[in-house]
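Residue-level structural notes
The lines below spell out each chain.
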Amino acid sequence: MELNPIFLGLRFVNTVDFPDPSFHFYLCLQQEDEEMLVPHSDFVVEGPQPMEVVPAETSNTAEVQSDDTPSARFTWTIDNFTRLNNKKLYSETFNIGGYKWRVLIFPKGNNVDQLSMYLDVADFANLPYGWNRYAQFSLAVINQIHNKFTIKKDTQHQFNARESDWGFTSFMPLSDLYDPSRGYLVNDSILIEADVAVRKVADYFSHDSKKETGYVGLKNQGATCYMNSLLQTLYHIPYFRKAVYHMPTTENDMPSGSIPLALQSLFYKLQYSETSVATKELTKSFGWDTYDSFMQHDVQELNRVLSEKLEDKMKGTVVEGTIQQLFEGHHMNYIECINVEYKSTRKESFYDLQLDVKGCKDVYASFDKYVEVERLEGDNKYHAEQFGLQDARKGVLFLDFPPVLQLQLKRFEYDFMRDTMVKINDRYEFPLQLDLDRDNGKYLAPEADRSIRNLYTLHSVLVHSGGVHGGHYYAYIRPTLSDQWYKFDDERVTKEDLKKALEEQFGGEEEQLPQTNPGFNNSPFKFTKYSNAYMLVYIRETDKDKIICNVDEKDIAEHLRVRLKKEQEEKELKKKEKSEAHLYTVIKVARDEDIRMQIGTDVYFDLVDHEKVRHFRIQKQLPFNTFKEEIAKEYGIPVQFQRFWLWAKRQNHTYRPNRPLTPQEEAQSVGQVREVSNKANNAELKLFLEVELGPDLHPIPPSLKTKEEILLFFKLYDPLKEELRYVGHLFVKASAKPTEILPKLNELAGFAPDEEISLFEEIKFEPNVLCEHIDMKLTFRSCQLEDGDIISFQKSHGESNEQCRYPDVPSFLEYVHNRQVVHFRSLEKPKEDEFCLELSKLHNYDDIVDRVAQQLSLDNPAKIRLTSHNCYSQQPKPQPIKYRGVEHLSDMLVHYNQTSDILYFEVMDIPLPELQGLKTLKVAFHHLTKDEVAVHIIRLPKQSTVGDVINELRTKQVELSHPNAELRLLEVFYHKIYKVFPTNEKIENINDQYWTLRAEEIPEEEKNIAAHDRLIHVYHFIRDTTQSQAQQIQNFGDPFFLVIQESETLGEIKLRVQKKLQVPDEEFSKWKFAFISLGRPEYLQDSDTLSNRFQRNVYGAWEQYLGLEHADTAPKRSYAANQNRHTYEKPVKIYN
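All figures in this text were calculated on a predicted structure; none of them were measured in a lab.

On to the overall build of the protein, then. Each helix and strand counted, the protein has 27 helices and 59 strands in total. Expressed as a percentage of contacts within the protein between residues at least 6 apart in sequence, the contacts between residues at least 24 apart total 68%. A total accessible area of about 53400 Å² is found for the protein, and carbon and sulfur atoms account for 47% of it.

This next bit is on the sheet that holds strand β34 (residues 684-690). Spatial strand order, β31-β30-β34-β32-β33: 5 strands in an open sheet with mixed pairing. In the strand order of this sheet, the two ends are held by β31 (614-619) and β33 (655-660), each with one partner. Going from strand to strand, the sheet's axes swing by 40° on average, the running direction of each strand aside. Direction of pairing for strand β30 (residues 584-590) relative to β34: parallel, over a ladder of 5 bridges. Of the residues in β34, the one forming a bridge with V586 is E684.

Taken together, the side chains of V933, V935 and I937 define a hydrophobic patch exposed on the protein surface, amounting to about 260 Å² of accessible area. Note on placement: V935 falls in strand β51 (residues 933-941).

Tracing the backbone shows G98 in the loop between β5 (94-96) and β6 (99-106). Note: C-alpha distance between G98 and P70 (28 residues apart in sequence) is 8.6 Å.

Time to look at the sheet that holds strand β38 (residues 723-733). Read from one edge to the other, the open sheet built from 5 strands follows the order β38-β37-β41-β39-β40, with strand pairing classed as mixed. Single-partner strands in this sheet number two, and they are β38 and β40 (770-773). Adjacent strand axes in the sheet meet at a mean angle of 30°, parallel and antiparallel pairs treated alike. Relative to strand β41 (residues 789-795), strand β39 (residues 757-764) runs antiparallel, the two being bridged by 6 bridges. Paired with E762 across the strands is I790, a residue of β41.

If you trace the backbone, N1092 turns up in the loop between β58 (1080-1083) and β59 (1104-1109). By relative accessible area, N1092 is classed as exposed at 64%. Between the C-alpha atom of N1092 and that of R1014, which follows or precedes it by 78 residues, the distance is 8.8 Å.

Inspection of every chain in the model, using the stated rule, returns 57 salt bridges. R102 is the partner of D120 in a salt bridge, and the nearest nitrogen-oxygen pair spans 2.5 Å. In this pair, D120 is assigned in strand β7 (residues 114-121) and R102 in strand β6, connecting sequence segments 18 residues apart. Of the two residues, D120 and R102, neither departs from the other in class, the shared state being buried. The salt bridge involving D552 is made with K554; its shortest N-O contact spans 2.9 Å. A residue is classified by how much of its surface remains accessible, and K554, at 67% relative accessible area, is exposed. Through salt bridges with shared partners, one network takes in D606, R650, R656, K715, E762, E786 and D789.

With that settled, the discussion passes to the packing of helix α4 (residues 238-245) against helix α5 (residues 259-272). It is at 9 Å that the axes of α4 and α5 come closest, and there the two elements cross at 130°. Viewed along their axes, α4 and α5 adopt a mutual orientation that is oblique. As α4 packs across α5, the resulting crossing turns out to be left-handed. Facing F240, R241, V244 and Y245 of α4, the residues of α5 in contact are L263, Q264, F267, Y268 and Q271. Looking at the contact of α4 with α5, its residues break down into 6 nonpolar, 2 polar and 1 charged.

Counting residues in each nonpolar core, the largest one holds 52 residues, and the members touching the most others are F240, L266, F267 and F327. The dominant element in this core, judged by the number of residues it contributes, is α5, at 8 residues. Once residues lying within four places of it in the same chain are set aside, the contact partners of F240 are L234, F267, L310, I323, L326 and F327. Y334, Y364, F367 and Y538 belong to the second largest nonpolar core, which has 41 residues in total.

A few words now on the side chain of E666. Position of E666 relative to the elements: it lies in helix α17 (residues 663-666). Overall, E666 belongs to the buried group, its relative accessible area being 10%. Excluding residues within four positions of it along the chain, E666 makes contact with F624, N625, K628, F644 and L661.

What follows deals with helix α21 (residues 845-856). For the α-helix, the turn length of 3.6 residues means that residues three or four positions removed from each other point alike. Over its 12 residues, α21 runs 17 Å from end to end, which matches the ideal 16 Å to within 8%, given 1.5 Å per residue. Listing the buried residues of α21 in full gives Y845, I848, V849, V852 and A853. For α21, the arc enclosing every buried residue in end-on projection is 130°, short of the 170-degree limit, so these residues lie on one face. Contacts made by the buried residues of α21 are with β42 (819-826), β43 (835-840), β44 (864-867), α22 (889-893) and α23 (912-916). Two or three places before D846, at the opening of α21, N844 has a side-chain oxygen 3.1 Å from that residue's backbone nitrogen. Immediately downstream of α21, the backbone of S857 shows phi near 55°, a positive value.

Another aspect to go through is the pairing of strand β56 (residues 1033-1044). Burial within β56 is extensive, with 10 of its 12 residues counted as buried. With 9 bridges joining them, strand β55 (residues 1014-1023) and β56 adopt antiparallel strand pairing. Each residue of the ladder has a partner; that of R1014, found in β56, is I1044.

Parameters and conventions
- Residues numbered from 1 in each chain as written.
- Predicted model: local features only at pLDDT ≥ 70, side-chain atom pairs only at ≥ 80, totals over all residues.
- Heavy atoms only, no water.
- Helix = DSSP H or I, 4+ residues; strand = E, 2+ residues; numbered from the N terminus.
- Contact = heavy atoms within 4.5 Å.
- Areas by Shrake-Rupley, 256 points an atom, 1.4 Å probe, with all protein chains shown as cover.
- Pairing = 2+ DSSP bridges.
- Axes fitted to C-alpha atoms, helices over the stretch in contact; angles between N-to-C directions.
- Patch = residues over 30% accessible without salt bridge, like charges linked within 9 Å, V, L, I, M, F, W, Y side chains within 5 Å.
- Salt bridge = Lys/Arg side-chain N within 4 Å of Asp/Glu carboxyl O.
- Buried < 20%, exposed > 50% of the residue type's maximum accessible area, 1.4 Å probe, protein only.
- Parallel < 35°, antiparallel > 145°, perpendicular 65-115°, else oblique.
- Left-handed = near helix turned anticlockwise from the far one by under 90°.
- Nonpolar A, V, L, I, M, F, W, Y, C, P; charged D, E, K, R; others polar.
- Core = buried A, V, L, I, M, F, W, Y, C linked by side-chain atoms within 4.5 Å.
- Expected span 1.5 Å × (residues − 1).
- Arc of directions from axis to C-beta.
- Polar contact = N/O pair within 3.5 Å; in protein donor to acceptor, adjacent residues only side chain to side chain.

Written out as structure tokens, the structure is:
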């Protein structure tokens, strides 16, 4: 399953380890049109990566007890919905399980263009310290026209003081909710339902997996639980683990660049570590960046890709062929003619088998379906060599099964009727022992070796908990095939019983009996069990002694043991340092040499990046003077020549040396000096080491600094080279004037002594650059200069300053501050950079499209259309930037609290201002008599009417029955006609993104309808009996209108329908006809009259129609065919 948003409550461990639990944010990566499951916040915290929610039953604070589960359904009707001005709205409080709850919605979205909806603990402010409760719940917005389209999402959560509400920030698009024709908003009211089941929780504070079970878990990098469950399964196949250990690696290999070494390292740690193991080295060896680690992929796809990679890496080694020996089986595809002697066969190998879940009660039913024989006859005959078209049987039979049988259960399918992916949560049973020789080996081909006994025992069950939009993965495994099962859930491993591993993972529904609550809907309702098996691993009984073998240290290469022992020692050292951190202070010492090295390359503003200077880890109790002796050894600067300055953050957010340490302070301990420098709870001490040099450039003792003296730092700017560099520091007298130090500055710059120079003070750079010219006639005091200030200078009359792009210091600093390299990508190829341009964040819309047009050699920049980048989904935003719709480049690049460096471009066929004044509609023209559809793009001014659209269609040379034929425009949705547009309706508000616009001739019979005739809707449908009653009817094909007369029978109507649709007699004889009202079919006889069954107002009667039940023989379009242009799948790739 492709991850849409997946969820894990994590600290932001990759950036800042917040000490205060109130900063313990829960984040989620989302595509802009996908759901996000997060606790509500008044601002949406969107992180740089998607975080995955660990369901409460597997969290670190609670374990779910499934008995005594109070539950109920709460219904909330919100009237006058479109007139609400509230940013957020709470329902009334309702009581379930002895707890008070309420539903919280954001009618206009919680900073997104979607309805945001959450379940909230109503009285959380009054609950005692440490409270928590666990609930499984669903939230729904009811479709009041057709219940089939009700939007319902379910989840589970442990509520506590930090997360007192939980739900969906992106529940459904506001455009759908506020469109009355969609059925969610009726008479300006919406209907919300909340089904809540409260479960008991048992608290615990610590769990030692190794101590409790003998096994350790794997750490979750963000959204890698899917990978963790697979790795644990592979690790617990000892023969596989042994083969990995025997893959040749060397001590010079790096785990981050070698998949075999990274996997060996991971397996070694799982075998011998006392605590959970990280997977970062392994994902780095895959060539994944951080983003890949926060994208949840399809486990089945990862399994195949990893197997292929390992198979390739094992070639030419002692373990070559291991993957095939363990996992490879073979089946035979055959086609056998019935009436002539001809048979075609093809042998294929497999590493896993994909089994249908839908419509199958268990694994055996899936295997029955897998080998089911298909008859090729009628229009579907098989073309046999030499014999032409023949009736034939087509099927699959197995030649052999592998020792380790991996069964992928098809829990996720594409629903063509709903045009979306769905999860199949149906009950699906699987046995502890699987006999694939049953019924005299009916799954086996005649050529199969019947001497091999294909009796398998269940080794592991991989589980997905959640819906199609997200969820969590974990595994139940019995490592030695004993009766004891273990649950491997990321870092946590627990002992489990057989029922948990088998029956509770079958899926299906669980009926909840609600409490009796006055005013509530107290009828029983069912919760879908959305934790269910999606992959099974079986081991053949005759091979289990070989596969469940002993793996010990002698299987592990010596260099790997040495490397991992060293890693463990380093880990222990870091742990020791962390535990002793309160005893130490980190001192960061910046010197002139650091400033000189960084200015003009890494740093332009202020003086230095303290992360890139020398760090010293010093005991707090150590006298500062002893630290100075260490500095003397490090830099060769005697103690008497050292003077240290404290840094200070100024109000304007600059960071400068502020004052020197006094002798009294230097006599104190390092810890006391740190407290002097920084009152905050920070273990760091930042210092500037000032060293004065004599004429011979050797250090000399620093002179006593008086209040009259100011320490200034100087940078030199060269406009020709566009270069800024640091030249040193000087002490000046506050009462002196800048003219007095000009000779010294010229000397530092290497200029002639009398060179005229201009001086500028660098005051601040955030949010904007402030750099002012210094008046040489004023004193330093009058210029308001103080210790730590920075002066940049340049030649006053450079020979070509005027021709330079940035002739002076302020313009250069402005340029540096605002420069931005932008990666431009074609919207058609959104993953590939086409070109890069260096722009300014202050560039306006016209500046940017001008530069892009130049790059593309395009005469008219107005034809360029730009689209911004979504930093979280790594995709283009759905809506392009309007012509001059943003002020500056910086506005184009920002997305919530993230800044991108990517823009997408398109070249339009007409200028954008003209295009934006037009409405673009995609209209499908259906020929009156031929089975032909032509799609036309219509562009008209937004104030145009439907009549103008029809007139424009006529100019497209559509084929009409006669030149004056009348046309109409219909709105079709899910193969039903919802609207016939009046010709005077404005086209501005017509939405063809979700609805199909269909144009057609009006048949002559519809123009003169008699008083007692009816114009009815006619739709094609199939019945899916595996669905609930409300969803069994599934429409397809092109709907149409039909005039029926008052006394006309079905038999007479059928003749006209057959003629209209040009269906052959043989096929038409199989069709069934039904009167369908609100999704319920009433099958009709030829003698039945239909007229009185239909109401007159046909244009609003799409739920009352004549249904034509027959097989859908039209070719199915691919899943991607109807997706939004910005929906991109990200396949699993292992790059190395």
